[in-house]
Amino acid sequence: MRSLLTALIIACICLPAGAAPDAIANSDFAEADAAGATVPASWDVPTGSAWQRVADAGPEGGAAMRWRGEARADGAVRQQPDFLTPDAEYRIEALVRSDGALLPTIRVIDLPEQAELIPPAGGTARPETEWQRIAGSFRTLSADVEVQIWADPAHVRGEVAGPGEVAVAEVTLAQVEDDADVALPDLGENIALDRPYTMTPAPGYSYTRDEGDMTQLTDGIYSEGHFWTRPTTVGWSGTRLCFVTIDLGQDQPIRGLSFSTAAGVAGVKWPASILVYVSVDGNLWYPMGDLVPLGTLRDIMD
């Protein structure tokens, strides 16, 4: 196959850029909220709660969330992470410390189903005065979850617990790699890397539209998960057909083609078709196939 130009026809496409594997923002509580130093950025802390961010209460003098108080019922420190991959394995970890009177607890809740993905017993620390790591694995139901940090399982039940003191630091959430993933064949040099392209119509999705749209489709950088609200991607909204024409600069062999996109939740649908055409002069075009059924066929064969 030879091509100077490639056209893609697709319902909505967002080709990716890089993303950190940790789905939790400000996972080490190092960043304070604009509201004050005792509130961590990106986390919700109940009004009047005994929870406070302490800049030097964590391991090795780092930041941590600390609960210190008399006997009472209290709420949780909460965060809704970035979109997760539905029906995928994830692992959550945290460093915790307790004076022995309370058992700091991590919960993960699926928001659409209000289902407990990790019950309190699965993410509860033992009574220890030294820092210890707690961890739990779970399988997502949807892309939307909430991570909750409780000072004690009694608080989860709405009951009084304490007095006492606990601290929580370095909460991380990441997808477990699937060892069964099939490695892509070696296709040699990426001849489309950093090549210029045109798009018709121009991408108009407000969450991703920026100057980088003119380079991100061929920059060779990939995202993971559901990334369509990130400005490092390229996206269209309300458009049935999109044409992307990539200029390879010269007539040369093509060993293969690949694409990366995301969908499946929040009303975002997978591409119905990605038709590939090639041309030497930009006037006469030859059809090469549809990447969507070809990709489905690969999944079945693997």
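What counts and what doesn't
- Residues numbered from 1 in each chain as written.
- Predicted model: local features only at pLDDT ≥ 70, side-chain atom pairs only at ≥ 80, totals over all residues.
- Heavy atoms only, no water.
- Phe/Tyr/Trp six-rings, centres within 6.5 Å; stacked < 30°, edge-to-face > 60°.
- Helix = DSSP H or I, 4+ residues; strand = E, 2+ residues; numbered from the N terminus.
- Buried < 20%, exposed > 50% of the residue type's maximum accessible area, 1.4 Å probe, protein only.
- Pairing = 2+ DSSP bridges.
- Axes fitted to C-alpha atoms, helices over the stretch in contact; angles between N-to-C directions.
- Core = buried A, V, L, I, M, F, W, Y, C linked by side-chain atoms within 4.5 Å.
- Contact = heavy atoms within 4.5 Å.

Draft legend 1. Region of interest: the packing of aromatic side chains. Per the counting criterion, the structure on display carries three aromatic pairs. Plain terms: the ring middles of phenylalanine 29 and tryptophan 43 are 5.1 Å apart, the flat faces sit at 40° to each other, and that makes the pair tilted. Of this pair, phenylalanine 29 sits in the loop between β1 (5–6) and β2 (32–33) while tryptophan 43 sits in the loop between β3 (36–40) and β4 (51–54), and the two are 14 residues apart along the sequence. As far as burial versus exposure is concerned, phenylalanine 29 and tryptophan 43 are alike and both buried. Both rings, one in tyrosine 205 and one in tyrosine 207, keep their centres 5.5 Å apart while their planes meet at 55°; by these two values the pair is tilted.

Draft legend 2. Spatial organisation of the sheet that holds strand β12 (residues 164–175). The five strands are arranged β4-β5-β12-β7-β10 in an open sheet whose pairing can be described as antiparallel. Where the open sheet ends on each side, the last strands, each with one partner, are β4 and β10 (132–139). Recorded for the sheet is a direction-independent mean angle of 30° between the axes of neighbouring strands. Two strands pair when backbone bridges link them, and strand β7 (residues 89–98) and β12 are joined in this way by eight bridges, in the antiparallel orientation. The residue bridging serine 98 from the neighbouring strand is valine 166, located in β12.

Draft legend 3. Representation of the nonpolar core in the model. Ranked by internal contacts, the top residues of the largest apolar core, which has 34 residues, are Trp51, Ile92, Ile149, Val171 and Leu173. For this core, the secondary-structure elements that each account for two or more residues are β5 (64–69), β7, β8 (105–110), β9 (115–118), β10, β11 (145–150) and β12. Those residues within four positions of valine 171 in sequence are excluded, and the remaining contacts are Asp22, Ile24, Ser27, Phe29, Trp43, Ile92, Glu93, Ala94 and Ile149.

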